[in-house]
Amino acid sequence: MRVTQSRYAGELNRFELAMRMLRLQARTGTIARYTGLSNDRIRKAYANYVLEHGHNKLPRRKRGRPPSRIGRFLSTPQRLSESTVLATLFMHAGLLVRDERSRCHVPRNLTRLMIGRRLCDAYDMYRTLIPQGHINLEVAAMLLRAISETQDLIMTFCGGCQAVYVQDAYALDYGRGPCCDWAPRGAQY
C-alpha cells in the first residue's frame, strides 16, 4: 500500500460524510466542523453534485447561522420527548458518556469524523422512530453540543419512574420527570 492511498482514503471518508450531511440539510459550518473540509470545498462539492444529479436530488440548503437556543428542546412536552429520544440515541451510539459528576461528554478517543458519522447515524434512527419529528440535523448537532460541551442541558433521572430525560441545567429540578408530570392524576404505569 502506498502512503498516498491512506491519505486519499481519509479524504474520501470526509467527502462521503460531507455528502451525507448535505443530504440531511446541514449548513456549511456544521459540515466543516465534523469533516475538516473548508467551506469553499463544501460549497463546490454541493455545486458539483447538483450539476451532476440535478436540483431535485438534494434539498435546498439552509443559510445563515446555526440554531443556538436551547429553549426549543424544552418548550413543549412533545419537543422535550423528542429531545430525550435523540439524546438517548446519542448515548447508545457512543457519542455521550456519563462521568462521575453525572454530566455527559463526548469520549476523547473519538475524532471529529467519527463524531459526525455517529451523529448522522443517531439522527437517522431518530427519523426512523419519529418520522414527523421537529428536530433537523442542525438542531441535533446543537443538542449534542448543549449536553456535552456547554452543558446547558443535562440528562437526569425521574424520581418516580427512573426514566431518563433532558433538563435545563440551570432550572429547578423537582425530581419528577416529564412523564410523571404529564400523567393524569392517579394513573399508574
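Relevant structure appears above.
Overview of the structure. Since the structure is predicted, the reported quantities are computational estimates derived from the model, not experimental observations.

Rules of the game
- Residues numbered from 1 in each chain as written.
- Predicted model: local features only at pLDDT ≥ 70, side-chain atom pairs only at ≥ 80, totals over all residues.
- Heavy atoms only, no water.
- Helix = DSSP H or I, 4+ residues; strand = E, 2+ residues; numbered from the N terminus.
- Buried < 20%, exposed > 50% of the residue type's maximum accessible area, 1.4 Å probe, protein only.
- Contact = heavy atoms within 4.5 Å.
- Areas by Shrake-Rupley, 256 points an atom, 1.4 Å probe, with all protein chains shown as cover.
- Polar contact = N/O pair within 3.5 Å; in protein donor to acceptor, adjacent residues only side chain to side chain.
- Core = buried A, V, L, I, M, F, W, Y, C linked by side-chain atoms within 4.5 Å.

This part is about the overall build of the protein chain. In terms of helices and strands, the protein chain carries eight helices and four strands. Ordered by position from the N terminus, the helices and strands of the protein chain form the series α-α-α-α-α-β-β-α-α-β-β-α. Within the span of the protein chain, comprising 189 residues, buried residues form 40% of the whole. Considering only residue pairs separated by 6 or more positions, the protein chain has 56% of its internal contacts joining residues 24 or more positions apart. Surface exposure of the protein chain reaches about 11,500 Å², of which carbon and sulfur atoms provide 51%.

The next thing to look at is the side chain of S148. The topology assignment puts S148 in helix α7 (residues 137–148). Overall, the relative accessible area of 10% leaves S148 in the buried class. A polar side-chain atom of S148 sits 2.7 Å from the main-chain carbonyl oxygen of L144. Aside from chain neighbours lying at most four places away, what touches S148 is L96, C104, H105 and V106.

This part takes up the nonpolar core. Counting residues in hydrophobic clusters, the biggest one holds 45 residues, and the most contacted among them are M21, Y34, F90, L119, L137, L144 and I147. Of all elements in the fold, only α1 (3–23), α2 (28–35), α3 (39–53), α5 (77–92), α6 (112–129), α7 and β3 (153–157) reach the threshold of two or more residues within this core. The element contributing the most residues to this core is α7, with eight residues.

Locating C104 in the fold gives a position in strand β2 (residues 104–105). Judged by its relative accessible area of 4%, C104 is buried. With 44 residues separating them in the primary sequence, C104 and S148 have C-alpha atoms 5.4 Å apart. Setting aside residues no more than four positions away along its own chain, C104 makes contact with M91, L96, V97, R98, I147, S148, Q151 and M155.

All right, on to α2 then. Among the eight residues that make up α2, six are buried, leaving the element largely enclosed by the rest of the structure. Listed as buried for α2 are T28, T30, I31, A32, Y34 and T35. Positive backbone phi, approximately 80°, marks G36, located one or two places after α2.

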